[in-house]
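Reading the structure
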Amino acid sequence: MNTTLLLMGIGTQELLFIILILLILFGGKKIPELMKGIGKGIKSFKDGMNGVEENLKDTDQKKEEVSSTDHKEK
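Residues numbered from 1 in each chain as written. Predicted model: local features only at pLDDT ≥ 70, side-chain atom pairs only at ≥ 80, totals over all residues. Heavy atoms only, no water.

**Looking at the overall build of the chain**
From N to C terminus, the chain includes one helix and zero strands. Residues counted as buried form 4% of the 74 residues belonging to the chain. With an accessible surface of roughly 6900 Å², the chain has 63% of that area assigned to carbon and sulfur atoms. (Helix = DSSP H or I, 4+ residues; strand = E, 2+ residues; numbered from the N terminus. Buried < 20%, exposed > 50% of the residue type's maximum accessible area, 1.4 Å probe, protein only. Areas by Shrake-Rupley, 256 points an atom, 1.4 Å probe, with all protein chains shown as cover.)

In structure tokens form, the structure reads like this:
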């Protein structure tokens, strides 16, 4: 069973090894807290990216409005 995960070439054995190392380093009680923090970080990153996309769309719309009014005036 050699399934490739995460598009980075991480197989099942490598994933299990990483999980084992995390268990050894942090223990069973710290891992949920660690994953919660990572999840919050990812959510914050996605929210920031969505904000940037909305800002770019608004800027493009304003540029289109300005260029269309410039063409009407000429």
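Alright, that's what it looks like, and here's the rest.
**Describing a nonpolar patch on the surface**
A contiguous nonpolar patch, built from F17, I18, L20, I21, I24, L25 and F26 and spanning about 700 Å² of accessible area, is present on the exposed surface. Inspection of the secondary structure puts I21 in helix 1 (residues 12-73). (Patch = residues over 30% accessible without salt bridge, like charges linked within 9 Å, V, L, I, M, F, W, Y side chains within 5 Å. Salt bridge = Lys/Arg side-chain N within 4 Å of Asp/Glu carboxyl O.)

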